[in-house]
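This is what each chain is made of:
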Amino acid sequence: MSDNLENLHAQYREGDTQFRMAGGIEGITKLANDFYDVMESLPEARKILFMHPTDLTMSREKLAVFLCGYLDGPDRYAEKYGPMQLAPAHAHLAIGTAEKEAWLLCMEKALALQDYPREFQEFLLKRLSVPADRCRNRP
Ligand code: HEM
């Protein structure tokens, strides 16, 4: 990674910069909704879509509040639902590399729908690939 990009990423990590750049709770709610809209429409995501409940209302809401805290904003997930760890929360699902890639593809497409600078989109996708890999429980 170039020094410039490294500096930019370090800036994103300061305080609640990520939360603010992602549009606060309103922007992150849109991101989570776009993410699930993409998942519903993308053939590559059919398998992970069918792992979810038929009604995606709670999935949309939970992803939005979780991402708030993950992006260094208020921990809305813990406030509403209590503490949560990603790997155990996904342990009942069969998530391998293909499922992880499908999830990240949905996120990449959802990020592209936001009014975020391209470098910030790329930063978020790279950041989210870490927890996505943590949710993987098979090759
Ligand atoms: C790696 C691929 C992933 C797949 C296939 C996946 C799939 C799912 C599914 C099917 C559910 C619903 C579970 C249920 O209702 O029983 C779920 C819940 C959830 N996922 Fe993921 N997920 C992935 C990665 C992630 C990542 C990277 C994040 C956050 C950065 C995340 C955040 C959440 C949250 C917050 C919930 C709600 C948990 C709860 O309160 O029940 N997921 N996921």
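Residues numbered from 1 in each chain as written. Predicted model: local features only at pLDDT ≥ 70, side-chain atom pairs only at ≥ 80, totals over all residues.

(A) Structural view of the site of the ligand. Not every one of the 24 residues close to the ligand is listed here, only the nearest: Met 51, Lys 62, Phe 66, Trp 103 and Cys 135. Within the residue set of the shell around the ligand, elements represented by two or more residues are α5 (57–70), α7 (86–89), α8 (97–112) and α9 (118–135). Residue composition of the shell around the ligand, by class: 17 nonpolar, three polar and four charged. (Near = placed C-beta within 6 Å. Helix = DSSP H or I, 4+ residues; strand = E, 2+ residues; numbered from the N terminus. Nonpolar A, V, L, I, M, F, W, Y, C, P; charged D, E, K, R; others polar.)

(B) The arrangement of unusual backbone geometry in detail. Despite not being glycine, Asp 72 shows a phi value in the positive range, around 70°. Note on placement: Asp 72 falls in the loop between α5 and α6 (76–81). With 17 C-beta atoms counted inside 10 Å, the residue Asp 72 sits in the partly exposed group. (Buried ≥ 20, exposed ≤ 12 C-beta atoms within 10 Å, placed from the backbone.)

(C) A look at the packing of helix α3 (residues 24–41) against α5. Between α3 and α5, the shortest axis-to-axis distance is 8 Å and the interhelical angle comes to 135°. Comparing their axes, α5 and α3 come out oblique. Helix-helix and strand crossings are classified by hand; for α3 and α5 the assignment is right-handed. Between α3 and α5, the residues in contact are Ile 25, Ile 28, Thr 29, Leu 31, Ala 32, Asn 33, Phe 35 and Tyr 36 and Ser 59, Arg 60, Leu 63, Ala 64, Leu 67 and Cys 68, respectively. Class assignment of the residues belonging to the contact of α3 with α5 gives a composition of ten nonpolar, three polar and one charged. (Axes fitted to C-alpha atoms, helices over the stretch in contact; angles between N-to-C directions. Parallel < 35°, antiparallel > 145°, perpendicular 65-115°, else oblique. Left-handed = near helix turned anticlockwise from the far one by under 90°. Contact = placed C-beta atoms within 7 Å.)

(D) Examining the environment of Met 51 more closely. You can see Met 51 is positioned in the loop between α4 (46–49) and α5. Accessibility expressed as a C-beta count within 10 Å gives 12 for Met 51, which makes it exposed.

(E) Here's a closer look at the packing of α8 against α9. Packing of α8 against α9 leaves a shortest axis separation of 10 Å and a crossing angle of 155°. When the axis of α8 is compared with that of α9, the two are roughly antiparallel. Here the hand of the crossing between α8 and α9 comes out right-handed. Taken together, the residues of α9 that come into contact with α8 (itself represented by Lys 100, Trp 103, Leu 104, Met 107, Glu 108, Leu 111 and Ala 112) are Gln 121, Leu 124, Leu 125, Leu 128, Ser 129, Ala 132, Asp 133 and Cys 135. A per-class count over the contact of α8 with α9 returns ten nonpolar, two polar and three charged.

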